[in-house]
Amino acid sequence: MDLSDSPPDIYTEVIVDSFANIHGGRQRSEALLYFANFGIRYETQFGFSLHSELWLTDNQSISDIVGDEQGVSNIEASEAGLHIGMLAAGYHTRSWSWLIGVYDINYYFDVLDSANLFVHSAFGMGSVFGISGPNGPSTYPQPGLTAKLGYQRGKHSVQFAIADGEPGDPIFYYHTAAQEEKRINLLVVAEYAYESAQSKWLAGWWGYNDDSVVLQNAGASRGKNNGFYLRTEHRFEPSPSDYQITVFGRAGVGASKFNFFDEFYSVGLQVSGELWGFGDEQFGLAIAHARTSDARSPEYGSDETALELTYAATFNNGMTVQPSLQWIGSPGAAREADDAVVLGLRLSWSFN
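Residues numbered from 1 in each chain as written. Predicted model: local features only at pLDDT ≥ 70, side-chain atom pairs only at ≥ 80, totals over all residues. Heavy atoms only, no water.

Caption draft 1: Fine view of a nonpolar patch on the surface. A grouping of Ile22, Val267, Leu285, Ile287, Leu307, Leu309, Leu325, Trp327 and Leu343 is seen on the molecular surface, where their side chains present a nonpolar patch of about 680 Å² in accessible area. Of all the elements in the fold, those that place two or more residues in the nonpolar patch are strand 13 (280-292), strand 14 (303-314) and strand 15 (319-329). Turning to its location among the elements, Leu309 is positioned in strand 14. (Patch = residues over 30% accessible without salt bridge, like charges linked within 9 Å, V, L, I, M, F, W, Y side chains within 5 Å. Areas by Shrake-Rupley, 256 points an atom, 1.4 Å probe, with all protein chains shown as cover. Salt bridge = Lys/Arg side-chain N within 4 Å of Asp/Glu carboxyl O. Helix = DSSP H or I, 4+ residues; strand = E, 2+ residues; numbered from the N terminus.)

Caption draft 2: Main features of the nonpolar core. Ile105, Phe123, Phe129, Leu187, Val189, Trp206 and Phe248 are the most contacted members of the largest nonpolar core, which has 29 residues in total. Those elements that provide at least two residues to this core are helix 2 (127-130), strand 7 (156-164), strand 8 (186-195), strand 9 (199-208), strand 12 (261-273) and strand 13. Apart from residues no more than four positions distant in its own chain, Ile105 is found in contact with Met125, Phe129, Pro137, Ser138, Thr146, Ala163, Leu187 and Val189. Judged by nonpolar contacts, the second largest core, of 18 residues, contains Phe35, Ile62, Ile65 and Val66. (Core = buried A, V, L, I, M, F, W, Y, C linked by side-chain atoms within 4.5 Å. Buried < 20%, exposed > 50% of the residue type's maximum accessible area, 1.4 Å probe, protein only. Contact = heavy atoms within 4.5 Å.)

Caption draft 3: Structural detail: the pairing of strand 5 (residues 96-103). The pairing of strand 4 (residues 81-92) with strand 5 spans 6 bridges and is antiparallel. Paired with Ala89 across the strands is Ile100, a residue of strand 5. The loop that links strand 4 with its antiparallel partner strand 5 comprises 3 residues. Pairing analysis gives 8 bridges linking strand 5 to strand 6 (residues 144-153), with the strands arranged antiparallel. (Pairing = 2+ DSSP bridges.)

Caption draft 4: Spatial organisation of unusual backbone geometry. Following Tyr140, the chain continues to Pro141 via a peptide bond in cis, the omega torsion being 5 degrees. If you trace the backbone, Pro141 turns up in the loop between helix 2 and strand 6. Of note, the phi angle at Asp110 is positive, near 55 degrees, even though the residue is not glycine. Of note, Asp110 is situated in the loop between strand 5 and helix 2. With a relative accessible area of 0%, Asp110 lands in the buried category. A positive phi angle, near 55 degrees, is found at Ser330, a position not held by glycine. Among the secondary structure elements, Ser330 is positioned in the loop between strand 15 and strand 16 (340-351).

Shown next as structure tokens:
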């Protein structure tokens, strides 16, 4: 094998978020968050690949200030330090692929490119799935050991993964035992996708085998924690035009006894191209609505809603400037919580 024919792909990304909660929420205050990613990907001519990432995170929180549950910033992490974000080996042919190691399942499941523009976490992985499980699913900021198998034929594809359902320390990725002794908590995810030149549809199911963690006042832990989601996006290209319009939507449900939110809905609009003459630009408006479970404690209200308006401009040096405005309705689904208004500015740099 001639390694010189396929040099590794080396990339770095740095993100800094500055937020100010100017109305409502728990308190009027500011927060500064950062994230850095250093990655190496190597792929042979025979289809084998190795992929690694190191993540540098901090432990500052804008959600502690706002009091929301869904996550104002998708780079917020609970622990500061250097972590293994990905360490995986894979193989692919024209139809089949597999990937095993430590990685974020949201890289491959429950993800749409158009929704990734937004800063708020709910527009990545949906809020029911995204905060399910004792420590969350095997995703940022605590990915766990995961094995994924995929098959693609034409416009259709299916993929299936088994992951650590209770990812532990982000340095060592040991399995932390569930509440019952001698129990192993696994997360299983399956997804079907249809993709054409203009549209993409996703239908997914997820579930945990460990039923020992239930909500307060939910009663006996009968059944398993599982859920479903549907996602779609459609791209329009007005002619003649220098921009593209993409609309997207998502709906998801989860078992009421195990999840703080048991229903989730989002819709959004993204416009990309040369909008105001700054080069690579994107404009977005989206809303996410999560309904709290019927098993919630009496002090909780019925829902939490997030509305985000954002604009991003990427320059030739790899720098992106992205101001955003968020309105958070009923933060934390608390009955007496005042709606919050959050101003944000994201600066990011990408190097390849």
